[in-house]
2 protein chains.
Amino acid sequence: MKGKATSFDIAHYAGVSQSTVSRALRNSPLVNEETRRRVHDIAKQLNYKVDKNASNLRTQQSSTLALLLFEDPTADGSQINPFFLAMLGSITRACATEGYDLLVSFQSTSADWQADYEDSHRADGIILLGYGDYIDYQAKFSSLIEQNTKFVCWGASVDNRSDLTVSCDNYGGGELAATHLLKASRKDCAFIGDASEHSPEFFARYQGFKDEFNRHGISLSERKMANAISTEESGYHATRSLIANNIHFNSLFAASDLIAIGAIRALKEAGIKVPEDVHVVGFDNIAVASYVNPPLTTVQQDTTLAGQMLVGNLLKLIRGEVVENTLLPPSLIIRGSSF
Amino acid sequence: MKGKATSFDIAHYAGVSQSTVSRALRNSPLVNEETRRRVHDIAKQLNYKVDKNASNLRTQQSSTLALLLFEDPTADGSQINPFFLAMLGSITRACATEGYDLLVSFQSTSADWQADYEDSHRADGIILLGYGDYIDYQAKFSSLIEQNTKFVCWGASVDNRSDLTVSCDNYGGGELAATHLLKASRKDCAFIGDASEHSPEFFARYQGFKDEFNRHGISLSERKMANAISTEESGYHATRSLIANNIHFNSLFAASDLIAIGAIRALKEAGIKVPEDVHVVGFDNIAVASYVNPPLTTVQQDTTLAGQMLVGNLLKLIRGEVVENTLLPPSLIIRGSSF
DNA sequence: CTGAAAGCGCTTACAG
DNA sequence: CTGAAAGCGCTTACAG
């Protein structure tokens, strides 16, 4: 036989019609058991696999989800944020469990990104993953919603009316970090990260943190905040600039682990000891966090559960079921950087 | 308009035939420039995207590559080896550059893995990524080759006759590590990793290392070798067992960075100082390597180039061009664990 | 430069 | 339980 076998080839060998082959392969109850078995046997012998393009075209669905991974354009080109890599892993697993394929696409937020995976029938739905600087893309998102594209966002709501979100309880995570530092009386705290509406996740972490401090009658100083995107490099420079400006603090909350790791490097370089002089708390609990020196105390996000919820909710949305925004509980992992 | 627009809708609005629309959208030179422009405008207005299922079915190709990521079943389920994650990133980028989509699938080597992406026309070719324990799967690979499936393997040759491989020069990398340790007169060396035909990459690293030692008149002791798969945990336990057996050494070469990191933990725990008492060299240069304490000396694999070569070679294979096995040069990154 | 028509390989309503 | 037939939305050889 030349080329791949088709259902017609099987029909020929099985002595039935192609329709019956199709039914048999899909285990339709309409088909006689013996016929079903014969068809399956022949299919196996011929190494037949249903042509996905044909079946997708016919059924108008793809059994595929697309993952768009948004990266900060200023981040180091070669390194992808390990937190998202972990998410990618859990999303892939969750897709496999549900019998879906996963199409992965990195999107540089600087470029004109494209989400035509559903329009072109390559995917039934889209998962958006990134540190949530979705503001600039509001227009694009609106059109996604208008076109009734099925998608779910990680981290932050894009358009509070109509999109679906799965996120960590970033506000609650900020509170956890604050409670921890307050317990150790490390009340003079710096914050590193972009606490603006451009980084809704970072902003929520900061808010929870700040509110908890406020409840203890302590207000965080604006002067002790430094802007940073989620890279080690950026955390390093932000912390350096605080030090260079003679800003003092005895604890530091970083909006992400990468930032925290960069901050620790800057502190060490300046002769400031962690944790003796400054307690440091990060966010994410990436794999590296336990290996840095000192090991990093951090607010953990459950990536396995996150992946399952993203995929699960998206599939519900595709099936037309009712879905609600999901908030996942964070947990504090205490390590050497804060005691 | 209900549902997605089709080329017939555009034809209707543009006042031309559907054939012309198809040609215009594909920028066929046969089409009148003004017609072409009009069709494109209308397509944009209707937010039309070519249905990939239909075009793939028609052209019998998918513009998609599949990446099968093999994991060691004994590895921690949640954590994916960071080296492969880095490869995944560079492969995704390389695919995007070439205009291909990437389908990602994790395969547990314990389970009966499937490579029907090409058979089912979901992908034009397959990339296999893993630490190369392909021996048990020889039969499966043979059938892939028989069925003329287009695939390229990372790391190690599967079937020396007919498959295509891109790999790091693991042997040369082993030599680099040996040369480095010999220069510091750390001649009493332990090796951690599976140096058997089940891990061809690890085996080659060990061979290069051993041969370089031999050229200096030093033979490595079998007693100073311990088996480990590529996890921190496994490296930790392997090293612990050496220590428990009172095996002495003043340097340690680990088959991967994760193993090396676990080894360092075991050494520290036993009160053995790195690098003072034992110099440690790893392999891969994963992101963590520079953050551990002490920072890890390691043999770097160029993942960016690796991704480009895997994708590039696979596409050549698909196009029927001549392709040869590719060996990428490693480089030594010297850090605090070895001086 | 354009159009009518065939056909890629399936799934499924319809008829028996 | 089975078969003949329509049709998913394209691409492209063929005819003009």
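Residues numbered from 1 in each chain as written. Chains lettered and ligands numbered in written order. Predicted model: local features only at pLDDT ≥ 70, side-chain atom pairs only at ≥ 80, totals over all residues. Heavy atoms only, no water.

S.K.: Where do I start with the overall build of chain A in this structure?
M.R.: Looking only at helices and strands, chain A features 11 helices and 12 strands. Here chain A, with 339 residues, has 54% of them falling under the buried criterion. Here the analysis covers contacts within chain A between residues at least 6 apart in sequence; of these, 74% occur between residues at least 24 apart. Roughly 14600 Å² of accessible area belongs to chain A as shown, and the carbon and sulfur atoms make up 49% of that amount. (Helix = DSSP H or I, 4+ residues; strand = E, 2+ residues; numbered from the N terminus. Buried < 20%, exposed > 50% of the residue type's maximum accessible area, 1.4 Å probe, protein only. Contact = heavy atoms within 4.5 Å. Areas by Shrake-Rupley, 256 points an atom, 1.4 Å probe, with all protein chains shown as cover.)

S.K.: Explain the packing of helix H7 (residues 170-183) of chain B against helix H8 (residues 200-215) of chain B here, please?
M.R.: For any two helices packed against each other, the geometry is given by the interaxial angle and the distance between the axes. All names here are of chain B. The contact between H7 and H8 brings their axes to 7 Å, and the two run at 40 degrees. Taken together, the axis directions place H7 and H8 in an arrangement best described as oblique. Read as a crossing pair, H7 and H8 show a hand that is right-handed. Contacts between H7 and H8 involve Asn170, Tyr171, Gly174, Glu175, Ala177, Ala178, Thr179, Leu181 and Leu182 from the first element and Glu201, Ala204, Arg205, Gln207, Gly208, Phe209, Asp211, Glu212, Phe213 and Arg215 from the second. (Axes fitted to C-alpha atoms, helices over the stretch in contact; angles between N-to-C directions. Parallel < 35°, antiparallel > 145°, perpendicular 65-115°, else oblique. Left-handed = near helix turned anticlockwise from the far one by under 90°.)

S.K.: Whenever I open this one, the protein's contact with DNA strand D confuses me. Can you help?
M.R.: If you check the shell around DNA strand D, you find 27 residues, and the closest are Arg23 of chain A together with Ser7, Gln18, Ser22 and Arg58 of chain B. The contact in question runs from a phosphate oxygen of DNA strand D to an N or O atom on the side chain of threonine 20 of chain A, over 2.7 Å. Contacts to DNA strand D include tyrosine 48 of chain B, whose side-chain N or O atom sits 2.7 Å from a phosphate oxygen. (Near = heavy atom within 4 Å. Polar contact = N/O pair within 3.5 Å; in protein donor to acceptor, adjacent residues only side chain to side chain.)

S.K.: Just to check I follow, could you spell out the pairing of strand E3 (residues 125-129) of chain B for this structure?
M.R.: Looking along a regular strand, one sees the side chains alternate between the two faces of the sheet. All names here are of chain B. Most of E3 sits inside the fold, with five of its five residues counted as buried. Alternating positions in E3 separate into two faces, Gly125, Ile127 and Leu129 on one and Ile126 and Leu128 on the other, with burial throughout. Looking at chain direction, strand E1 (residues 64-71) and E3 are connected through five bridges and run parallel. Counterpart to leucine 69 in the pairing with E3 is leucine 129. (Pairing = 2+ DSSP bridges.)

S.K.: Can you help me understand unusual backbone geometry in this one?
M.R.: Where the residue is not glycine, phi is negative for most of them; where a peptide bond is considered, it is trans in most cases. Each neighbour pair has its own omega, and for valine 274 of chain A with proline 275 of chain A the value is 5 degrees, a cis peptide bond. Inspection of the secondary structure puts proline 275 of chain A in the loop between helix H10 (257-269) and strand E9 (279-284). Omega for the peptide link from asparagine 293 of chain B to proline 294 of chain B comes to -5 degrees, which places this bond in the cis form. By the element assignment, proline 294 of chain B lies in the loop between strand E9 (279-284) and strand E10 (297-300). Not every positive phi belongs to a glycine, and serine 63 of chain B is a case in point at roughly 50 degrees. Mapped onto the elements, serine 63 of chain B comes out in the loop between helix H4 (52-59) and E1. You can call serine 63 of chain B partly exposed: its relative accessible area is 21%.

S.K.: Where do I start with the pattern of salt bridges in this structure?
M.R.: Side chains that differ in sign of charge can pair as their charged atoms come close. Residues and elements named next belong to chain A. The tally for this structure, following the rule as stated, stands at 26 salt bridges over all chains. Measuring nitrogen to oxygen at the nearest pair gives 3.9 Å for the salt bridge that ties arginine 205 to aspartate 284. You can see arginine 205 sitting in helix H8 (residues 200-215) and its partner aspartate 284 sitting in strand E9, a full 79 residues away along the chain. One salt-bridge network, held together by shared partners, links Glu33, Arg36 and Arg37. (Salt bridge = Lys/Arg side-chain N within 4 Å of Asp/Glu carboxyl O.)

S.K.: Looking at this structure, how should I read the relation of the copies chain B and chain A?
M.R.: Mapping between the two copies of the chain is achieved by a rotation about an axis and a shift along the axis. Overlaying chain B with chain A gives an RMSD of 0.0 Å, the required rotation being 180 degrees about an axis along which the chain moves by 0.0 Å. Both copies of the chain, as the preceding transformation shows, are related through a two-fold rotation axis. The overlap is high: 100% of the interface residues of chain B also sit at the interface in chain A, so the same surface is used on both sides. (Least-squares fit on C-alpha atoms with pLDDT ≥ 70 in both.)

S.K.: Teacher, can you tell me more about the sheet that holds strand E6 (residues 189-192) of chain B here?
M.R.: Residues and elements named next belong to chain B. Strand order in the open sheet formed by six strands is E7-E6-E8-E9-E10-E12, with mixed pairing between adjacent strands. Single-partner strands in this sheet number two, and they are strand E7 (225-226) and strand E12 (331-333). Most of the contacts of H8 go to E6, to which it runs at about 170 degrees, and overall it touches E6, E7, strand E8 (251-254) and E9. Against the sheet, helix H9 (residues 232-244) contacts E6, E7 and E8, and its axis sits at roughly 140 degrees relative to E6.

S.K.: Even after reading the chapter, I still don't get the packing of helix H1 (residues 7-14) of chain A against helix H3 (residues 33-45) of chain A, so can you show me in this structure?
M.R.: Residues and elements named next belong to chain A. Contact geometry of H1 with H3 gives a least axis separation of 10 Å together with a crossing angle of 120 degrees. With respect to H3, the element H1 is oriented oblique. By crossing handedness, the relation of H1 to H3 is classed as right-handed. Within the contact between the two elements, H1 uses Ile10, Tyr13 and Ala14 and H3 uses Arg38, Val39, Ile42 and Ala43. In terms of residue class, the contact of H1 with H3 is built from six nonpolar, no polar and one charged. (Nonpolar A, V, L, I, M, F, W, Y, C, P; charged D, E, K, R; others polar.)

S.K.: Looking at this structure, I do not really get the protein's contact with DNA strand C. What am I missing?
M.R.: Around DNA strand C sit 27 residues, and of these Ser7, Gln18, Ser22 and Arg58 of chain A together with Arg23 of chain B come closest. Taken together, the sugar and phosphate atoms account for 56% of what DNA strand C places within 4 Å of the protein. In the model, a base nitrogen of DNA strand C is placed 3.3 Å from a nitrogen or oxygen of the alanine 54 of chain A main chain. At the level of secondary structure, the elements contributing two or more residues to the surface near DNA strand C comprise helix H2 (18-25) and helix H4 (52-59) of chain A together with helix H2 (18-25) and H4 of chain B. Of the residues assigned to the surface near DNA strand C, the class counts are eight nonpolar, 13 polar and six charged.

S.K.: Help me understand the interface of chain B and chain A, please; the structure alone is not making it clear to me.
M.R.: Frequently, the measure chosen for interface size is the accessible area that the parts lose on association. Counting residues at the interface gives 44 residues for chain B, matched by 44 residues for chain A. Contact with chain A buries area across many residues of chain B, yet Lys4, Asn53 and Tyr291 of chain B alone supply 17% of it, more than any other trio. One salt bridge connects arginine 122 of chain A with aspartate 101 of chain B, and the closest N-O pair in it is separated by 2.6 Å. At the level of elements, H4, E1, helix H5 (82-97) and strand E2 (101-108) of chain B are the ones that each hand at least two residues to the side of chain B that touches chain A. For the side of chain B that touches chain A, the element with the highest residue contribution is E2 of chain B, accounting for six residues. Along the lines of polarity and charge, the residues of the side of chain B that touches chain A split into 16 nonpolar, 16 polar and 12 charged. (Buried area = accessible area lost by both parts, 1.4 Å probe.)

S.K.: I would appreciate a short explanation of the nonpolar core in the present structure.
M.R.: Side chains of a nonpolar character, in soluble globular proteins, are inclined to be buried together. Counting 145 residues, the largest nonpolar core has Trp154 and Leu252 of chain A together with Trp154 and Leu252 of chain B as the members making the most contacts within it. Core analysis: the next-biggest nonpolar cluster, separate from the first, contains 24 residues, Ile126, Phe141 and Leu144 of chain A together with Tyr117 of chain B among them. (Core = buried A, V, L, I, M, F, W, Y, C linked by side-chain atoms within 4.5 Å.)

S.K.: What am I meant to see in the packing of aromatic side chains here?
M.R.: Aromatic ring pairs are defined here through the distance separating the ring centres and the angle between the ring planes. Tallied over the full model, the rule gives 12 aromatic pairs over all chains. Their ring planes at 20 degrees and their centres at 4.5 Å tell us that phenylalanine 209 of chain A and phenylalanine 253 of chain A sit as a pair that is stacked. Linking phenylalanine 209 of chain A in helix H8 with phenylalanine 253 of chain A in strand E8 (residues 251-254), this pair joins segments that are 44 residues apart in sequence. Residue class for phenylalanine 209 of chain A comes out buried when judged on its relative accessible area of 0%. The structure contains a cluster of three or more aromatic residues connected by ring pairs, namely Phe191, Tyr206, Phe209, Phe213 and Phe253 of chain A. It is arginine 205 of chain B that lies over the ring of phenylalanine 283 of chain B; its NZ or CZ is 3.8 Å from the centre. (Phe/Tyr/Trp six-rings, centres within 6.5 Å; stacked < 30°, edge-to-face > 60°. Lys NZ or Arg CZ within 6 Å of the ring centre and 35° of its normal.)

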